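Okay, here's what each chain looks like letter by letter:
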Amino acid sequence: MDFEGIYCFDTAAVRFAIYPDGHDGARIIGQISEETLHDVFGTRNLGDRLLETCRAHFDVIGAAALKRYRANPNQPIVLTVDDFSRRIPPRSGGAQAALRPTPLAA
């Protein structure tokens, strides 16, 4: 999935887009908090730098958002730690190498 997102200082969260039916379909906005990004992905990034974290892990974040959307399309997509099955260990030296996809919690 391609990552489209912005950091929102007022809510300390990243808002991002997913396209459940492909880019020709509806654009759905989701949100993940700075705290969740720190707890799940082990990042120390802050503010706009969290966009890098989201881009690097968007396969996992996008899948969690899609799962949340499919479960109830009428509810806002606000991802929390509970949307991820396990914490992803931090990368050494700030490297942005791709990780293997993480299974989502049922």
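Please refer to the structure placed before this passage.
Rules behind the numbers
- Residues numbered from 1 in each chain as written.
- Predicted model: local features only at pLDDT ≥ 70, side-chain atom pairs only at ≥ 80, totals over all residues.
- Heavy atoms only, no water.
- Pairing = 2+ DSSP bridges.
- Helix = DSSP H or I, 4+ residues; strand = E, 2+ residues; numbered from the N terminus.
- Core = buried A, V, L, I, M, F, W, Y, C linked by side-chain atoms within 4.5 Å.
- Buried < 20%, exposed > 50% of the residue type's maximum accessible area, 1.4 Å probe, protein only.
- Contact = heavy atoms within 4.5 Å.
- Salt bridge = Lys/Arg side-chain N within 4 Å of Asp/Glu carboxyl O.

Some remarks on the pairing of strand β1 (residues 5-8)
Examined bridge by bridge, β1 and strand β2 (residues 13-18) share four bridges and lie antiparallel to one another. The residue of β2 that forms the bridge with glycine 5 is phenylalanine 16. Connecting β1 to the antiparallel partner β2 that follows it, the hairpin turn spans four residues, and alanine 12 within it adopts a positive phi of roughly 50 degrees.

Focus on the nonpolar core
Here is a general trend for soluble globular proteins: nonpolar side chains tend to be buried in one another's company. In terms of nonpolar packing, the biggest core is built from 22 residues, with Val14, Phe16, Ile32, Ile61, Leu79 and Phe84 touching the most fellow members. With six residues, the single largest contributor to this core is helix α3 (residues 58-71). Setting aside chain neighbours within four positions, we find isoleucine 61 in contact with Phe16, Ile32, Leu37, Phe41, Cys54, Leu79 and Phe84.

Some details on unusual backbone geometry
Comment: phi is negative for the bulk of residues other than glycine, and the bulk of peptide bonds are trans. Phi angles above zero are rare outside glycine, and alanine 12 is one such case at about 50 degrees. Position of alanine 12 relative to the elements: it lies in the loop between β1 and β2. Under the relative-accessibility criterion, alanine 12 is labelled partly exposed at 28%.

Some words on the pattern of salt bridges
Under the counting rule described, the total for this entry stands at three salt bridges. A salt bridge links arginine 49 to glutamate 52, with the shortest nitrogen-to-oxygen separation between them at 3.1 Å. Here arginine 49 falls in the partly exposed class, since its relative accessible area comes to 47%. A salt bridge links aspartate 83 to arginine 68; the nearest nitrogen and oxygen atoms lie 2.7 Å apart. Residue aspartate 83 is found in the segment after β4 (77-79), and its partner arginine 68 is found in helix α3; the two are separated by 15 residues along the sequence.

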